[in-house]
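Descriptive analysis of the structure
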Amino acid sequence: MKLGAAYADVRVENSRNETILVKDGKVEKASSELQHGMGIRVLFGTWGFASTTELVKPSVNNSVRTAVSMAKAVKHHGEGKLAKAKVVEARTQAGAKIDPFEVDFSEKIELCLEADCRARVDEHVKRTAASISAQKLQKLFLSNEGARIQSDTTITYAGVYALAKKGAVTEYYDDLAGGTGGFEIVQRFDMPTRGEDVGKRAVALSSAKAMPKHKLPVVLDQDFVALLTHEIIGHPSEADRVLGREAAWAGKAWWAGKIGQKVGSKLLNAVDDPCVEGALGYYEYDDEGVQARRKQLIREGKLLEHMHSRETASEFKVEPNGNMRAQSFKYLPLIRMSNTFIEPGEQYLEELLDVKEGVYLKGAKIPSIDSRRYNFQISAKEAFLIRRGDLLGPFRDASIMGIAPEFFSSIDAVGSDFEMRPIPNCGKGDPMQTLYIGNGGPHIRGLAVVAGVG
Amino acid sequence: MLKIAEKALELTKKSGADEVEAFVGENLVTTVRIAASRVIETKKVHDYGIGIRAAIDQKVGFACANSFSQELSERAVSIARARPPNPDFNGFSEATKSKKVGDICDRALAKLQPARASELADLMLQAALDFDRRVVDVSGALNVVVERCAIANTNGLAGADETTRIFGHLTVESRGVGESEGGAWLGSTSLHGFNPSEVGKRAAELAVNSLGPKKVKSGKYNVILEPAAVAELFYHVLGYAVNGRDVHDRYSYFTDKLGKIVASEGLNIYDWGNMAGGLCSKTFDDEGVPTRRTPLIERGKLVSFIYDRRYAGKANTDSTGNGLRLIDMPGRYYGVEPSPYITNLAIEPGDLKREELIADTEEGLLLSRIWYTYPITPQLGDFSTTSRCGFLIHNGEVIGAVQQVRIHENLPRLLKQITGIASDVKQIMPWGASGAICAPSLRFRGVRIS
């Protein structure tokens, strides 16, 4: 502050990570990572930021000078106004019932080996994998306004994978569980059983027919809805995108300027909520020290709220709502989703499937979305044809194509069977930051083009 | 750094390891972000650390930290002891002398003052704003990356490397008859090789030329992808297909295709880790294997894949010098074990100038930039993408801009439908990429547009 900054904050972190990866019955990776460091952010109308892994006085002083000199060297500064946020002194903990680092390393390896083995259900399974990862993160946030927030978080996740080949057809299937919490997440996931399941599904898909092209009602399961929500509700709700600040990278938002307007059917209700305990995007304070809270992004099809930093909240003349997060101390925080989901409705899956003709898509695979989050295509792990409630299939290599507002308006049924899914690799920023996110929803039904192979 | 690596070897051996490899990395990443036609963020990351692989009877433990200590050695050894052996472990690299690679480290860039980076970004921005009054919004970034590393192992390998690169990109929006956008990307391993104003001018010119876009009908088109679009497509949809890990894992659509014709006869592609002036060139990879030029596709035939030591062993071949330690942050990251990654994926240029390729196209589309291009069915090579800047070609002339189109296609099919390769090669690193693509404009026949 002595150097003239309008605002300054510091994040100091200490983290411990552990990863075990078994592939094809062999331990491919057994690793332990310790990281510490500090990031300092200063505001001179333009943000200056510097981070270092050397927590000694000369390096810290050098980082401060670097952050200040870079910001000061900019010719044209913005207003750099920050919305007021309550200055907090707090200590939070999102701990583990069973500390994953206290579980014997060899026990975790054995579990991965067993899950990997169980995935090899028959000779058609050609590749398998199982993994467990855990992180303990201690953070300290300090600001010149007097904020002092300490947080301790444990994150654990586990995954299983199988690839099968029959004749010329190769198909794969995977499953992942994860969230804030400890080894109890791995135990609940039941890796050996899930391993066997992904093996069976990969084999079934490798003898399935390719999905033909249709424009039909589609029923999407929770895993598919999680990715759909992530891509076409979560990302365009980030206020920096809405303002066009991400135009060169992640892109913009087609619904910019449409707060208060109808963007979908009355059955569409969407929320971003960092306070969902156990979800992968759980936190109590964001990386600007703002208290996290639930946000109703869309209610009954009407666009209500975006996700904000203190800076964008000032521009929108709203209160900051706690969505600034950084991958680690090395990065400047950005507006990010926490746990973004479609709220459950009241219908049973059987009711959603009760259509004359349709397609049921299960499990999300890979998305391709345009730069305004308007035109989308997302592939599914498996698909079934629906004939008056009966399912035919599975079919392989299906994807849906749609235009976001048209798809939102077509939603005519929403299930009650809500699930939250972990998304551990959401990318945004320059340099790219990969973040833990929770996404979810119930089964939903809408209208989209179902595309087959390219 | 090398002394620290050698000290780590000694202490990890004493802790009980049979074989040891120590990798020390230091990355300095300076970024200046532009949005809403002004510089909004200036950032500098200093990341330093050491990663140790300790092996006992084919059991390898990996541990890393931001500084070296006896505890780090002991942690790597204790992990090795706690796990079963992996028969695929084929030891660490032999002590090999790597040859110097030209133009990969520039002292002026390594010493660039952070405040100077802010000034260079301002020059990019100003060039775009000054280009035309129809330019209404500019966003993008300037990045300067300095990578330093040292590696040593118990086979006697000892080496140090330093590389630099600077790259800038802008997305420019224009308003006239409707709204449009253009983009440009420019990178160099030296400060004198980087012209910030050129980035601004190119992006602004494209944005202005893209005004008044017309809708195109769905159907099959001859499509010329310009270098930025080729880089996006090949990085995301070809990069994994030539990766020995993904071939072994049967995730690549080139699995079982070695020696087969997979592309039009004119296509030659290399991974070129020791290319002079290459944005991702290195003297040696992150296992200490000298980098090299590896032919991947020659005259349309698939002739090799890229490997690190682990996957080379599984395929009974040698490492191609592609064992790299990479994450999202630019730089060679001490905190992960090596895996195969592309370095500079170089497409051999053709004889035609870009303008001649266009003149040779009776009807078609010219796409300058595509976006969010991912393999939605990776084992088949199916991908989906949308255009961000495109033009219609009629009778060999560009006659106007086109609105956004979606392409849902199959790259293995398109590789066999390349009907023209231009000479306009540019080095480009797509957003978030860890490798570079040296891409000329390519023309494809029968691309399905919707």
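Quick look at the structure, then. These figures come from a predicted structure and were not determined experimentally.

With that settled, consider the sheet that holds strand 10 (residues 270-272) of chain A. Residue and element names in this part refer to chain A. With mixed pairing, the six strands of this open sheet are ordered in space as 12-11-10-15-22-21. Taken across any chain shown, the strands that pair with only one partner, and hence form the sheet edges, are strand 12 (302-303) and strand 21 (419-428). For strand 15 (residues 339-342) and strand 22 (residues 433-441), the ladder comprises three bridges, and the chain directions are parallel. Each bridged residue has a counterpart across the sheet, and for Phe-341 the counterpart in strand 22 is Gly-440.

On to the interface of chain B and chain A, then. In this assembly, 87 residues from chain B lie in contact with 87 residues from chain A. Together, the buried faces of chain B and chain A total about 7000 Å²; carbon and sulfur atoms form 51% of this surface. At the junction of chain B and chain A, the tally comes to seven salt bridges. One can count 53 residue pairs in polar contact (both at pLDDT 80 or more) joining chain B with chain A. The dominant element in the side of chain B that touches chain A, judged by the number of residues it contributes, is strand 2 (residues 38-56) of chain B, at eleven residues.

On to the packing of helix 4 (residues 114-131) of chain B against helix 5 (residues 196-209) of chain B, then. Residue and element names in this part refer to chain B. At a minimum axis distance of 7 Å, the contact between helix 4 and helix 5 shows a crossing angle of 30 degrees. What the angle tells us is that helix 4 and helix 5 run roughly parallel. Judged by the twist between their axes, the crossing of helix 4 over helix 5 is right-handed. Of the residues in helix 5, those touching helix 4 at Leu-120, Leu-123, Met-124, Ala-127, Ala-128 and Phe-131 are Pro-196, Ser-197, Val-199, Gly-200, Lys-201, Ala-204, Glu-205 and Val-208. Among the residues forming the contact of helix 4 with helix 5, the class breakdown is ten nonpolar, two polar and two charged.

Turning our attention to the layout of surface pockets. Estimated volume of the largest pocket: approximately 1200 Å³. Contributing to the lining of the largest pocket are 45 residues, with Asp-370, Arg-372 and Tyr-374 of chain A together with Gln-403 and Gln-404 of chain B lying nearest its centre. The biggest single contributor to the lining of the largest pocket is strand 15 (residues 382-394) of chain B, with four residues. Across the lining of the largest pocket, the residue classes tally to 18 nonpolar, 13 polar and 14 charged.

Here Glu-246 of chain A is to be found in the loop between helix 6 (239-242) and strand 10. By relative accessible area, which is 0% here, Glu-246 of chain A ends up buried. Those residues in contact with Glu-246 of chain A that sit more than four places away from it in its chain are Asp-240, Arg-241, Gly-251, Leu-334, Lys-428 and Gly-429 of chain A together with Arg-33 of chain B.

Bringing the nonpolar core into the picture now. Within the largest apolar cluster, 65 residues are counted, with the highest numbers of intra-cluster contacts made by Phe-234, Leu-238, Phe-254, Ile-269, Leu-411, Leu-415 and Ile-449 of chain B. Ranked by residues supplied to this core, first place goes to helix 6 (residues 227-238) of chain B with eight residues. The contacts of Leu-415 of chain B, once residues within four sequence positions are left out, are Phe-234, Leu-238, Phe-254, Val-262, Ala-263, Ser-264 and Leu-267 of chain B. Residues Phe-224, Ile-232, Ile-342 and Ile-423 of chain A belong to the second largest nonpolar core, which totals 52 residues.

What counts, and where the lines are drawn
- Residues numbered from 1 in each chain as written.
- Chains lettered and ligands numbered in written order.
- Predicted model: local features only at pLDDT ≥ 70, side-chain atom pairs only at ≥ 80, totals over all residues.
- Heavy atoms only, no water.
- Pairing = 2+ DSSP bridges.
- Helix = DSSP H or I, 4+ residues; strand = E, 2+ residues; numbered from the N terminus.
- Contact = heavy atoms within 4.5 Å.
- Buried area = accessible area lost by both parts, 1.4 Å probe.
- Salt bridge = Lys/Arg side-chain N within 4 Å of Asp/Glu carboxyl O.
- Polar contact = N/O pair within 3.5 Å; in protein donor to acceptor, adjacent residues only side chain to side chain.
- Axes fitted to C-alpha atoms, helices over the stretch in contact; angles between N-to-C directions.
- Parallel < 35°, antiparallel > 145°, perpendicular 65-115°, else oblique.
- Left-handed = near helix turned anticlockwise from the far one by under 90°.
- Nonpolar A, V, L, I, M, F, W, Y, C, P; charged D, E, K, R; others polar.
- 1 Å grid on protein atoms, 1.4 Å probe; cavity = no way out; pocket = protein on both sides within 12 Å on 5 of 7 lines; lining within 4 Å.
- Points joined across faces, edges and corners; volume = space filled by probe spheres on them.
- Buried < 20%, exposed > 50% of the residue type's maximum accessible area, 1.4 Å probe, protein only.
- Core = buried A, V, L, I, M, F, W, Y, C linked by side-chain atoms within 4.5 Å.

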